[in-house]
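Close look at the chain arrangement
The residues making up each chain are set out below.
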Amino acid sequence: MDCTKSTELFKKACEILPGGVNSPVRAFNAVGGSPVIIERAKGSRLFDVDGNSYIDYMGSWGTALVGHAHRNVIDTLKETLENGLSFGATHAKEFDLAEEILAAFPGMESIRFVSSGTEACMTAVRLARAYTKKDLIIKFDGHYHGHSDSLLVKAGSGLATLGIPASPGIPEAVSKYTISISFNDIKALEDVFARYKGQVAAVIFEPIVGNAGFIRPDVGFLNSLRDLCTENGSLLIFDEVMTGFRVAWGGVQTLYNIKADLSTLGKVIGGGMPLAALAGRREIMNHLAPAGNVYQAGTLSGNPVAVAAGLKTLQILKSEEKPYERLANNCEWLLRSFSDSACRYGIPLQVDFEGGMFGFSFSSKKIRNFSDTENIDFECFNFFFRKFLELGVYLPPSSYEACFMSLAHTKEDLEKTGEIFEKICKLRVS
Ligand SMILES: *Cc1c(COP(=O)(O)O)cnc(C)c1O
């Protein structure tokens, strides 16, 4: 594989962008080597500046659910662009997208659009604190909720990849109000609620974790979580920035039938444009300004181009026949192929998926929480990552990340990926 231009460009980028990137994991620090520089994306593929193409399972971190640059999305955007890029005032499509999303999530009555998942989670926490008049936030080790100060404690992939528990620059006076505990551990949850009785504003969590590998919640744990929040007058915030419309229409809360007080959304709802949201019961949401006094604002919030991309993406999803079943079948097929190969070559592998999101880790132990990631053979993942890239498959560049299937992935894409996995297994043991 020729990477001349990528390598050259990245070297230049490192001189003027910290680490050569605008978001840390893109630098390939975890997996080694120089990142490839992307020129364009179409369907299931990424194309780099040296003319290499990749079957893409990173999917712009899960935003590209219907595939990159879907014809209908692009056509809609072209029309939208003619009418102006940004108004800084309310427009009608905001209502259309709001209605579409509220209809998909039971119990969601009111929604505010923002530009990033970080903003959505940050505002959800502020709102929860104001609404409950309590200060403490509980989160789980390895769960990522964006990079706002309160939430950047034991926060998964980006930090874990760099081996840092929390970021410097966050005063202890701020981080002390965030308590991070082990996921899927009912006892730890009960203990923390008992210890900080009457002080917990909210629990925020990734209902299916995608920023510490792929981790599924235990049903019993989810039920305890819901009950403990209700008993203690704390809000339960589902961070579905990654999972919303990704694992199911209506997200994990619909799939597992657990009531959220507040939810955050992002990624898929913007269809590749900067768009995210927080949403929940009207009685809580109405504390946001100007209905209430909890302040939040954004120059580009509800941007017409982003809203048009998101709305069209959801409309495409609705028009497809059983899209989540198709995504799930494809994930299942691919993971079975991986498992069969790994088994043949005696390489321990854990796999799991839901809808269009999947994960695989080189571990002989099932991963149920962040401390289980100790059992992952990261060196093995890095070997696979580099070989995959060389052979034309782009994975998220860290074993702490989930992977993403899109509706544009074809049977040929999957078969090719499976063959390449088998080939790498052979290289690995030889
Ligand atoms: C991506 C992500 C965020 C942050 O969203 P940004 O748009 O990157 O700020 C928050 N929570 C989860 C679960 C995410 O996957």
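All values derive from a computational prediction rather than experimental measurement.

Describing the overall build of the chain
On a plain count of helices and strands, the chain comes out with 15 helices and 14 strands. Against the 2.2 N^0.38 benchmark of 22 Å for 430 residues, the chain shows a C-alpha radius of gyration of 21 Å, consistent with a compact globule. For the chain, the spread of C-alpha atoms along the principal axes amounts to about 60 × 55 × 45 Å. Residues counted as buried form 55% of the 430 residues belonging to the chain. If you take every contact in the chain between residues at least 6 apart in sequence, the share linking residues at least 24 apart comes to 73%. As displayed, the chain has an accessible area near 18100 Å², and 52% of this comes from carbon and sulfur atoms. Put simply, the chain has 44 plus and 49 minus side-chain charges, and the middle of one group is 1 Å from the middle of the other.

Let's talk about the domain arrangement of the chain
When the domains of the chain are assigned, the result is domain 1 (4-66 + 321-429) and domain 2 (71-318). Taking only C-alpha atoms, the centre of domain 1 and the centre of domain 2 are 25 Å apart. Facing the 33 residues of domain 1 at the interface are 36 residues of domain 2. Broken down residue by residue, the surface that domain 1 buries against domain 2 is led by Tyr324, Glu354 and Met357, which jointly contribute 22%. On the surface where domain 1 and domain 2 come into contact, there are 3 salt bridges.

Observations regarding the side chain of Ser6
In this fold, Ser6 is placed in helix α1 (residues 4-16). If we skip the residues at most four places from it in the chain, Ser6 touches Pro35, Val36, Ile37, Asp48, Val49 and Asp50.

Thoughts on the site of the ligand
In the neighbourhood of the ligand, the contacting residues comprise Ser116, Gly117, Thr118, Tyr144, His145, Gly146, Glu206, Asn211, Asp239, Val241, Met242 and Lys267. At a separation of 2.8 Å, an oxygen atom of the ligand approaches a polar backbone atom of Gly117. A distance of 3.1 Å is found between a nitrogen atom of the ligand and a backbone nitrogen or oxygen belonging to Tyr144. For the ligand, the accessible surface in isolation is 380 Å², of which the surrounding protein chains cover 82%. Residue classes in the shell around the ligand are distributed as 3 nonpolar, 6 polar and 3 charged.

Considering the pairing of strand β5 (residues 136-140)
Across the 5 residues that make up β5, a large majority, 5, are buried. Side chains Leu136, Ile138 and Phe140 project from β5 onto one buried face, and the interleaved Ile137 and Lys139 project onto a second face that is buried too. Pairing of β5 with strand β7 (residues 200-205) involves 3 bridges; the strand directions are parallel. Of the residues in β7, the one forming a bridge with Ile138 is Val203. The pairing of β5 with strand β6 (residues 178-181) spans 4 bridges and is classified as parallel. Bridge pairing in β6 links Ile137 to Thr178.

So, the packing of aromatic side chains
Counted under the stated rule, the structure contains 23 aromatic pairs. Judged by centre distance (5.2 Å) and plane angle (80°), the rings of Phe183 and Phe221 are edge-to-face. Of this pair, Phe183 sits in the loop between β6 and α8 (186-195) while Phe221 sits in helix α9 (residues 219-231), and the two are 38 residues apart along the sequence. Three or more aromatic residues joined by ring pairs form one cluster here, namely Phe28, Tyr54, Phe338, Phe360, Phe362, Phe381, Phe383, Phe384, Phe385, Phe388, Tyr394 and Phe421. Here Arg40 stacks its cationic end above the ring of Phe47, 3.9 Å away from the centre of that ring. The ring centre of Phe383 lies 5.2 Å from the NZ or CZ of Arg428, which sits over that ring.

Describing α1
At 3.6 residues per turn, the α-helix brings residues three or four places apart onto the same side. Residues of α1 that are buried include every one of Ser6, Phe10 and Ala13, and no others. All buried residues of α1 fall inside an arc of 60° around its axis, so they share one side. When the buried face of α1 is taken as reference, the exposed residues oriented beyond 90 degrees from it are Glu8, Lys11, Lys12 and Glu15. Tucked into the core, α1 has its buried residues touching β2 (45-48).

Concerning the pattern of salt bridges
Following the criterion strictly, the structure yields 17 salt bridges and no others. When the shortest N-O distance is used, the salt bridge between Asp372 and Lys365 registers 3.1 Å. Taken together, the shared-partner salt bridges in this structure form one network comprising Arg226, Asp261, Arg281 and Glu283.

A few points about the sheet that holds strand β13 (residues 393-394)
Strand order in the open sheet formed by 4 strands is β1-β2-β3-β13, with mixed pairing between adjacent strands. In this open sheet, the two edge strands, each paired with only one partner strand, are β1 (38-42) and β13. Bridge count between strand β3 (residues 53-56) and β13: 2 bridges; the pairing is parallel. In the strand pairing of β13, Asp56 is matched with Tyr394.

Here's the deal with the sheet that holds strand β11 (residues 350-354)
Strand order in the open sheet formed by 3 strands is β11-β12-β14, with antiparallel pairing between adjacent strands. Edge positions in the open sheet fall to β11 and β14 (403-404), since each of these has one partner strand only. Relative to strand β12 (residues 357-361), β11 runs antiparallel, the two being bridged by 5 bridges. In the strand pairing of β12, Asp352 is matched with Gly359.

Quick word on the packing of α8 against α9
Between α8 and α9, the least distance of the axes is 10 Å, while the angle of their chain directions is 10°. Considering their axes alone, α8 and α9 lie roughly parallel with respect to each other. Contacts between α8 and α9 pair Ile186, Leu189, Glu190 and Phe193 from the former with Gly220, Phe221, Ser224, Leu225, Leu228 and Cys229 from the latter.

Structural notes on the packing of helix α4 (residues 92-104) against helix α12 (residues 304-319)
One way to put it is that α4 packs onto α12 with a least axis distance of 9 Å and a crossing angle of 40°. By the angle class used here, α4 and α12 are oblique. Once α4 is placed against α12, the crossing between them reads as left-handed. On the side of α4, the interface is formed by Lys93, Glu94, Asp96, Leu97, Glu100 and Ile101, while α12 contributes Val307, Ala308, Gly310, Leu311, Leu314, Gln315 and Lys318. Classifying every residue of the contact of α4 with α12 gives 6 nonpolar, 2 polar and 5 charged.

Cut-off values and rules
Residues numbered from 1 in each chain as written. Predicted model: local features only at pLDDT ≥ 70, side-chain atom pairs only at ≥ 80, totals over all residues. Heavy atoms only, no water. Helix = DSSP H or I, 4+ residues; strand = E, 2+ residues; numbered from the N terminus. Rg over C-alpha atoms; globule rule 2.2 N^0.38 Å. Buried < 20%, exposed > 50% of the residue type's maximum accessible area, 1.4 Å probe, protein only. Contact = heavy atoms within 4.5 Å. Areas by Shrake-Rupley, 256 points an atom, 1.4 Å probe, with all protein chains shown as cover. Lys, Arg positive; Asp, Glu negative; His and termini not counted. Charge placed at Lys NZ, Arg CZ, Asp CG, Glu CD. Domains from an automatic or database assignment. Buried area = accessible area lost by both parts, 1.4 Å probe. Salt bridge = Lys/Arg side-chain N within 4 Å of Asp/Glu carboxyl O. Near = heavy atom within 4 Å. Polar contact = N/O pair within 3.5 Å; in protein donor to acceptor, adjacent residues only side chain to side chain. Nonpolar A, V, L, I, M, F, W, Y, C, P; charged D, E, K, R; others polar. Pairing = 2+ DSSP bridges. Phe/Tyr/Trp six-rings, centres within 6.5 Å; stacked < 30°, edge-to-face > 60°. Lys NZ or Arg CZ within 6 Å of the ring centre and 35° of its normal. Arc of directions from axis to C-beta. Axes fitted to C-alpha atoms, helices over the stretch in contact; angles between N-to-C directions. Parallel < 35°, antiparallel > 145°, perpendicular 65-115°, else oblique. Left-handed = near helix turned anticlockwise from the far one by under 90°.

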